[in-house]
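The lines below spell out each chain.
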Amino acid sequence: MMEVPTGSHIRRWRKSLRITQTKLSDMSGVAQSVIAKIENEIVDPRASTLRKIVEALARFENPDLLHTVQDIMTTDVAALRYEDTIQTAIDRMVKDGISQLPVLSETGAILGIVSEDSILQKGAHRNGVVGQVMHANPAVVDIRLSVAEARRRLTEVETLLVVEADLLVGLVSRMDLVRALRLNSIA
């Protein structure tokens with residue numbers, strides 16, 4: 001568990017990195033006036049606000065480290081619709097070398113995920129619809145999830161669907177994590 005930094009600790013860290021409150025505000029998405037109040041210990045910030053500030057400082061301090069799933073996710077994500085045929089899913093998987101495809105509604109909501117496993121296990125006919133073979137409860141995580149937590153979750157599931165403001169923005173597979181381990185330092 002992480003120790004919660006005090007406002008004065010955040011101020012010292014920010015100053016040691018030679019970052020202004022305005023720059024930290026831009027990097028973290030936290031208003032400069034709020035940062036000033038936190039640093040002067042006028043307010044007791046929410047954990048989510050502190051997390052944004054700490055992540056921004058850590059990312060600035062170690063730009064080469066991979067901190068969150070945003071740093072390692074695949075963003076060019078092919079997706080299916082519930083009513084697409086299973087043959088469409090198979091063709092896309094084989095053509096693009098993909099083993100999992102999210103299933104989205106017309107509005108972009110995540111309905112499920114189709115994997116090689118789900119197609120083989122459920123064995124529906126190729127002319128059947130994707131909705132018949134998809135897993136309805138895929139692992140969905142926020143874009144700010146730490147790489148360390150993603151690594152833990154990927155021991156239980158094959159793929160994490162990454163969302164920002166409830167919209168699918170990417171996915172992290174076990175292979176994405178293995179690539180990141182090979183190429184980079186992970187926080």
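Just so you know, these numbers come straight off a predicted model, no measurement behind them.

Caption draft 1: Just the packing of helix α2 (residues 21-28) against helix α3 (residues 32-39), in detail. Two elements in contact, α2 and α3, have axes separated by 8 Å at closest approach and are oriented at 115°. Overall, the two elements α2 and α3 adopt an arrangement that is roughly perpendicular. Relative to α3, α2 is oriented so that their crossing is right-handed. Counting all contacts with α2, which are made through Q21, T22, L24, S25 and S28, the residues of α3 involved are Q32, I35, A36 and E39. Residues that form the contact of α2 with α3 fall into these classes: three nonpolar, five polar and one charged.

Caption draft 2: Quick peek at the side chain of R14. With respect to the helices, strands and loops of the structure, R14 is situated in helix α1 (residues 7-16). A distance of 2.6 Å separates polar atoms of two side chains, one belonging to R14 and the other to E39. What R14 contacts, discounting residues up to four positions off in sequence, is I19, T20, Q21, L24, E39 and L57.

Caption draft 3: Fine view of the pairing of strand β7 (residues 167-173). Pairing of strand β6 (residues 159-164) with β7, which is carried by six bridges, proceeds in the antiparallel orientation. By the bridge assignment for β7, L161 is matched with L171. Following β6, the chain reverses through two residues before pairing antiparallel with β7; A165 in that reversal takes a positive phi of roughly 55°.

Caption draft 4: Here's a closer look at unusual backbone geometry. The backbone of R18 shows a phi angle near 60°, a positive value even though the residue is not glycine. The topology assignment puts R18 in the loop between α1 and α2. Judged by its relative accessible area of 78%, R18 is exposed. Unlike most non-glycine residues, A165 shows phi in positive territory, near 55°. Counting through the fold element by element, A165 comes out in the loop between β6 and β7.

Caption draft 5: Expanded view of the sheet that holds β7. If you walk across this open sheet you meet the three strands as β5-β6-β7, and the pairing is mixed. Two strands lie at the open edges of the sheet, namely β5 (140-142) and β7, each paired on one side alone. Between one strand and the next, the sheet's axes are offset by a mean angle of 35°, whatever the strand orientation. Here β5 runs beside β6; their pairing, made up of three bridges, is parallel. Counterpart to V141 in the pairing with β6 is V162.

Calculation criteria
- Residues numbered from 1 in each chain as written.
- Predicted model: local features only at pLDDT ≥ 70, side-chain atom pairs only at ≥ 80, totals over all residues.
- Heavy atoms only, no water.
- Axes fitted to C-alpha atoms, helices over the stretch in contact; angles between N-to-C directions.
- Helix = DSSP H or I, 4+ residues; strand = E, 2+ residues; numbered from the N terminus.
- Parallel < 35°, antiparallel > 145°, perpendicular 65-115°, else oblique.
- Left-handed = near helix turned anticlockwise from the far one by under 90°.
- Contact = heavy atoms within 4.5 Å.
- Nonpolar A, V, L, I, M, F, W, Y, C, P; charged D, E, K, R; others polar.
- Polar contact = N/O pair within 3.5 Å; in protein donor to acceptor, adjacent residues only side chain to side chain.
- Pairing = 2+ DSSP bridges.
- Buried < 20%, exposed > 50% of the residue type's maximum accessible area, 1.4 Å probe, protein only.

Any link to function would need more than the numbers given here.
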